Amino acid sequence: MKHIVSGIQPTGSINIGTYLGSIRNFVRLQREYDEHHFMLFIADLHAITIPRDRLELRKTIKELAAMYLACGLRQENLSLFIQSEVPAHSHMSYLLQCFTYMGELERMTQFKDKAQKHEKGVTASLFTYPALMAGDILLYDAEYVPVGEDQKQHLELTRDIAIRVNNRFGEFFTVPKPLIPKVGARIMSLTEPTAKMSKSDANVKSRINMLDTDDIIRKRIRSAVTDSEASFYYDKTNKPGLSNLITIYSALADISIEAVEQKYKDVSYKDFKEALADLVIENLRPIRQRYHELIQSKELDAILDEGAAYASKISNKKAAKFNHKLGLGRKRK
Ligand code: ATP
Ligand code: LTN
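What counts, and where the lines are drawn
Residues numbered from 1 in each chain as written. Chains lettered and ligands numbered in written order. Predicted model: local features only at pLDDT ≥ 70, side-chain atom pairs only at ≥ 80, totals over all residues. Heavy atoms only, no water. Near = heavy atom within 4 Å. Polar contact = N/O pair within 3.5 Å; in protein donor to acceptor, adjacent residues only side chain to side chain. Areas by Shrake-Rupley, 256 points an atom, 1.4 Å probe, with all protein chains shown as cover. Helix = DSSP H or I, 4+ residues; strand = E, 2+ residues; numbered from the N terminus. Phe/Tyr/Trp six-rings, centres within 6.5 Å; stacked < 30°, edge-to-face > 60°. Lys NZ or Arg CZ within 6 Å of the ring centre and 35° of its normal. Patch = residues over 30% accessible without salt bridge, like charges linked within 9 Å, V, L, I, M, F, W, Y side chains within 5 Å. Salt bridge = Lys/Arg side-chain N within 4 Å of Asp/Glu carboxyl O. Lys, Arg positive; Asp, Glu negative; His and termini not counted. Charge placed at Lys NZ, Arg CZ, Asp CG, Glu CD. Nonpolar A, V, L, I, M, F, W, Y, C, P; charged D, E, K, R; others polar. Buried < 20%, exposed > 50% of the residue type's maximum accessible area, 1.4 Å probe, protein only. Pairing = 2+ DSSP bridges. Right-handed = clockwise from strand over helix to strand, strands pointing away. Axes fitted to C-alpha atoms, helices over the stretch in contact; angles between N-to-C directions. Parallel < 35°, antiparallel > 145°, perpendicular 65-115°, else oblique. Left-handed = near helix turned anticlockwise from the far one by under 90°. Contact = heavy atoms within 4.5 Å.

Asks: Explain the site of ligand 2 here, please?
Replies: As a matter of local geometry, ligand 2 sits amid Ser 6, Gly 7, Gln 9, Phe 41, His 46, Tyr 129, Met 133, Asp 136, Ile 137, Val 145, Val 147 and Gln 151. Contact between ligand 2 and Gln 9: an oxygen atom at 3.1 Å from a side-chain N or O atom of the residue. For ligand 2, whose accessible area on its own is 370 Å², the fraction buried by protein is 89%. Residue assignment for the shell around ligand 2 shows that the elements contributing at least two residues are strand 1 (3–8) and helix 7 (124–138).

Below is the structure:
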């Protein structure tokens, strides 16, 4: 079975930026690569490289799992699981640290950025994070790994580690390829449209969360920053606010930017915002409904149990083989 592997960190409420930039891409890929099996996991071990509140983390893990399913992932070729429930991940992380050089980890830009933000308590796990990620991928011999542009460097390191192991032991790991979306629908903040829409932005008005009510969605779009020129066209540099709203419209309606420009060229910003609010509400309402059904159901736990069981079966086998290659433990007949 060919695998496509990806992980997402449970670090807060999901907004339409993550939905349009990442989740919808998974849904699309699942249809496109229907011969592959998708191993999609909630990367809770990655999340604790920075201190988290335990109850908050537990809640976010479940919410993220329910949200991914609610957005339309299909069950046929999917195993959805929680990383920490599959012990081979942390084991593999250690083994791969033995094949990773300090200099390589020191070059990781995400580490440098995060270390700068958390100057006081930079943990060793924040530093070795890419080895954990390499393990997540190599355990399943993933052929493809869908990630955002920001994860490209980690994936290159994963490939280097895989090649290094293969050079020493013969073809042992599949060397994975990244799948980076071409139109990386980068959704910007509604209040500061030159910055990315982010779940960590202190201003709640800057984003639309997937679980926001219809009223809130409309309010957020009405108050979105635009310009005073009042002519309707896409220009990211001079009209970042309007261009961001056009991007959201284009992504949700699945039509080109030009088609949106054409459709609304004669209406006021105010009327366009109302039309956009209708479109966002119409798209999010069924997802929200499905989410609320799932979060209360036994179905979600059953899906996660099944996912963890399948992932454990494959990863335990691969880890045991790697132990054996390295000469660890005893030889079994
Ligand atoms: P934060 O929103 O706090 O900056 P983040 O960017 O790390 O967090 P993640 O949860 O790691 O968010 O994002 C998961 C995926 O969604 C990543 O692949 C990321 O590229 C994508 N993504 C997140 N925000 C946006 C956005 N505003 N537009 C497009 N894609 C996004
Ligand atoms: N580091 C990634 C999440 C992640 C991941 C992975 C993605 C952890 N393990 C394995 C792809 C494959 C992030 O922060 N977005």
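There is more to say, and it comes next.
Asks: What's the story with the packing of aromatic side chains in this structure? I'm lost.
Replies: The way to describe two aromatic rings as a pair is by their centre distance and the angle between their planes. In total, this model carries 16 aromatic pairs according to the counting rule given. It is Lys 239 that lies over the ring of Tyr 233; its NZ or CZ is 4.8 Å from the centre. In this arrangement the basic side chain of Lys 318 is found over the ring face of Phe 172, its NZ or CZ atom lying 4.1 Å from the centre.

Asks: Hey, could you run me through a positive patch on the surface in this one?
Replies: Judged by side-chain charge, Arg 52, Arg 186, Lys 196, Lys 199 and Lys 236 come together as a positively charged surface patch. Looking at the secondary structure, you find Arg 186 in the loop between strand 5 (177–179) and helix 9 (214–222).

Asks: It is not clear to me how the site of ligand 1 should be interpreted in this structure. Could you clarify?
Replies: Close contacts around ligand 1 come from 14 residues, with Ile 187, Lys 196, Met 197, Lys 199 and Ser 200 the closest. Within the backbone of Ile 187, an N or O atom sits 2.8 Å from a nitrogen atom of ligand 1. Here an oxygen atom of ligand 1 and a side-chain polar atom of Ser 198 are 3.3 Å apart. Alone, ligand 1 offers 600 Å² of accessible surface; in the complex the protein occludes 77% of this. Here the residues of the shell around ligand 1 sort into three nonpolar, seven polar and four charged.

Asks: Looking at this structure, I do not really get the environment of Ser 125. What am I missing?
Replies: Among the secondary structure elements, Ser 125 is positioned in helix 7. Considering only alpha carbons, one finds Ser 125 and Arg 218, 93 residues apart in sequence, at a separation of 41 Å. Only 3.1 Å separates the side chain of Ser 125 from the side chain of Thr 123, close enough to count as a polar contact.

Asks: How should I be thinking about the pairing of strand 4 (residues 142–146) in this particular structure?
Replies: Consecutive side chains along a regular strand alternate between the two faces of the sheet. By the criterion of burial, strand 4 is predominantly enclosed, with five of the five residues buried. Direction of pairing for strand 1 relative to strand 4: parallel, over a ladder of two bridges. If you follow His 3 over to strand 4, its bridge partner there is Ala 142. Inspection of the sheet shows strand 4 paired to strand 5 by three bridges, in the parallel sense. In the sheet register, Tyr 144 faces strand 5, and the bridge partner there is Lys 177. Between the parallel pair strand 4 and strand 5, the chain is carried across by helix 8 (residues 152–169), and the sense of this crossover is right-handed.

Asks: I would appreciate a short explanation of the packing of helix 1 (residues 16–32) against helix 10 (residues 240–253) in the present structure.
Replies: The description of two packed helices rests on the angle between their axes and on the distance between the axes. Here helix 1 crosses helix 10 at 45 degrees, and the two axes come no closer than 11 Å. Judged on the interaxial angle alone, helix 10 and helix 1 are oblique. For the pair helix 1 and helix 10, the crossing hand works out as left-handed. Every residue of helix 10 that contacts helix 1 at Ile 16, Tyr 19, Leu 20 and Arg 24 is listed here: Ile 248, Ala 251 and Leu 252. Split by residue class, the contact of helix 1 with helix 10 holds six nonpolar, no polar and one charged.

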